Amino acid sequence: MLLLFALVGLKAAGVDLPGPRIFEKLGLSEGFTPLQYCSPKPSQIRDPASPKPASGSWRREPNLPVPAAEQVAAVIGGLVYVVGGQDYLGRTTRRVFTFDPATRRYARVPDMPTRADHTVVVAYRGDLYVVAGYLNSDPIAWFLRYSPRTRKWTVMPKPPLARGGAGGGLIGDRLYVAGGAPRSDPNFGVTPYRTLEIYDFKTGRWSRGPDMPTARHHVGGVTVGDKLYIAGGRSGHQQAMNDFEEYDARTNRWTKLAPLPVGVSAMGLVRHGSDVIMSTGGDDDPFRTGEGFVSPQTWAYDTRAGHRGWRRLPDLPRGQHAAAYALADGRLWSFAGIDCPGFHPTGNAYSLTLR
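Residues numbered from 1 in each chain as written. Predicted model: local features only at pLDDT ≥ 70, side-chain atom pairs only at ≥ 80, totals over all residues. Heavy atoms only, no water.

Points about the nonpolar core
Among the nonpolar cores identified, the biggest contains 18 residues, and Tyr 229, Phe 244, Leu 260, Val 264, Val 276, Met 278 and Trp 310 are the most heavily contacted of them. Looking at this core, the elements that each hand over two or more residues are β14 (220–224), β15 (227–231), β19 (275–279) and β22 (298–302). Leave out the neighbours within four places in its chain, and Met 278 touches Leu 260, Val 264, Met 267, Gly 268, Leu 269, Gln 297, Thr 298, Trp 299 and Trp 310. Membership of the second largest hydrophobic core comes to 16 residues, among which are Val 83, Leu 128, Ala 132 and Trp 153. (Core = buried A, V, L, I, M, F, W, Y, C linked by side-chain atoms within 4.5 Å. Buried < 20%, exposed > 50% of the residue type's maximum accessible area, 1.4 Å probe, protein only. Helix = DSSP H or I, 4+ residues; strand = E, 2+ residues; numbered from the N terminus. Contact = heavy atoms within 4.5 Å.)

Focus: the sheet that holds strand β24 (residues 324–328)
Here we have 4 strands laid out as an open sheet, ordered β1-β26-β25-β24, and antiparallel in their pairing. Here the strands that pair on one side only, and so sit at the sheet edges, are β1 (59–61) and β24. Across the sheet, the mean angle separating the axes of adjacent strands is 25° when strand polarity is ignored. (Pairing = 2+ DSSP bridges. Axes fitted to C-alpha atoms, helices over the stretch in contact; angles between N-to-C directions.)

As for the pattern of salt bridges
The tally for this structure, following the rule as stated, stands at 22 salt bridges. Of the charged contacts in the structure, one is a salt bridge between Arg 108 and Asp 111, with a shortest N-O distance of 2.8 Å. We classify Arg 108 as partly exposed; its relative accessible area is 42%. Overall, Asp 111 belongs to the partly exposed group, its relative accessible area being 32%. A network of salt bridges, in which partner residues are shared, links Arg 216, Asp 243, Glu 245 and Lys 256. (Salt bridge = Lys/Arg side-chain N within 4 Å of Asp/Glu carboxyl O.)

What about the packing of aromatic side chains?
Counting across every chain of the model gives 21 aromatic pairs. Ring geometry for Tyr 124 and Phe 201: centres 4.0 Å apart, planes at 15°, overall stacked. Of this pair, Tyr 124 sits in strand β6 (residues 120–124) while Phe 201 sits in the loop between β12 (196–200) and β13 (205–208), and the two are 77 residues apart along the sequence. An angle of 45° between the planes, with centres 5.0 Å apart, marks the rings of Tyr 146 and Trp 153 as tilted. Of the two residues, Tyr 146 and Trp 153, both sit in the buried class. An aromatic cluster of three or more residues is present, and its members are Tyr 124, Tyr 129, Phe 143, Tyr 199, Phe 201 and Trp 206. Above the face of the Phe 97 ring, Arg 108 is positioned so that its terminal group lies 5.3 Å from the ring centre. Over the ring of Trp 142 we find Lys 158, and its NZ or CZ is 5.6 Å from the ring centre. (Phe/Tyr/Trp six-rings, centres within 6.5 Å; stacked < 30°, edge-to-face > 60°. Lys NZ or Arg CZ within 6 Å of the ring centre and 35° of its normal.)

Topic: the environment of Leu 352
Considering the arrangement of structural elements, one finds Leu 352 in strand β26 (residues 345–353). Sequence spacing of Leu 352 and Gly 330 is 22 residues, and the spatial spacing of their C-alpha atoms is 8.6 Å.

Looking at the pairing of strand β18 (residues 268–272)
With 5 bridges connecting them, β18 and β19 associate as antiparallel partners. Bridge pairing links His 272 to Asp 275 in β19. Connecting β18 to the next strand, β19, in antiparallel fashion are 2 residues, including Gly 273 with a positive phi near 65°.

Considerations on the confidence of the model for the chain
Scored by pLDDT, the chain has a mean of 89; 87% of the residues are at 70 or more. pLDDT under 50 marks residues 1–36. Its contacts with residues more than four places away, or in other chains, come to 40 contacts. (pLDDT = per-residue confidence, 0-100.)

Description of the state of the cysteines
Enumeration according to the criterion identifies 1 disulfide in this entry. Two residues share a disulfide in this structure: Cys 38 and Cys 340, whose sulfurs sit 2.1 Å from each other. On the sign convention where negative is left-handed, the bridge of Cys 38 and Cys 340, at about 110° about the S-S bond, is right-handed. Pair noted here: Cys 38 is in the loop between α2 (22–25) and β1 and Cys 340 is in the loop between β25 (331–338) and β26, with a separation of 302 residues, a long-range link. The residues Cys 38 and Cys 340 share a single accessibility class, namely buried. (Disulfide = S-S within 2.5 Å.)

This is how it looks when you write it as structure tokens:
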């Protein structure tokens, strides 16, 4: 095993290895790293027996071109933009891929001006906006715009708070960003934020909103109508929280909602009609307790008055966390992520038809 790690380290550093087929002789692909692949123990899969997953199944899609984790996605003009994240060695990247659901093919667009992971990403009036985020675990206060028309990046007014692992979304002409933390590694002892910051696209200025009830990072965030939803996350002592909270932009107030069916962090959160869709996530705690878990579950929360509550959708083929999610072409898409507690990024991609 030590020899294997040494070979992988040399390969990652660009050093030529002895013999062109040494990885094949070891039974591995040439691009293998021990961080890419893992097989979680049964005890590391959190998948309750009740209620049972709904009928239907996820479809395997072409892999993201490189293994990645902690990237975020948004949709513009029918294309999914998969932004930033961490590579298989845990290094923050500046790469941005597009995925075309019609052809099921990837392409590269110009890199971001800065490397960034754990970002908030939205589409507004045909452009992509990125609020960063972390750079190799350190918080950075960047706000970027990418124009698909000109294929150029622009630096926007910086947010007041440098943080990563926040959640957010658009309501009208305003971008809302909540939660997060000043640092992502180590996870333990980190004091997360309750802070809500609001960027007004019309005035070009940031302002402060009311703090959300529960401080946390590695959350999921999405907007439905005039409301922002923040789900799950981590605190300084808990790696998988079940808090689910709603911010109403009309009343400028937060409300605590029915908790998540399973507490998780680093999950996917997207909007489908009046539903908030939550997929996968986990407890990234393999070192403190020796266990941790990942989840294959997907749930829908109906935000309509009188209909509120969680219902279970089909499970993903395997548990994961820290993947990028997007809704496009009537399907929920999942890109890359981590299949075990800890850090083992993959390029796996899946999609699910939503009814």
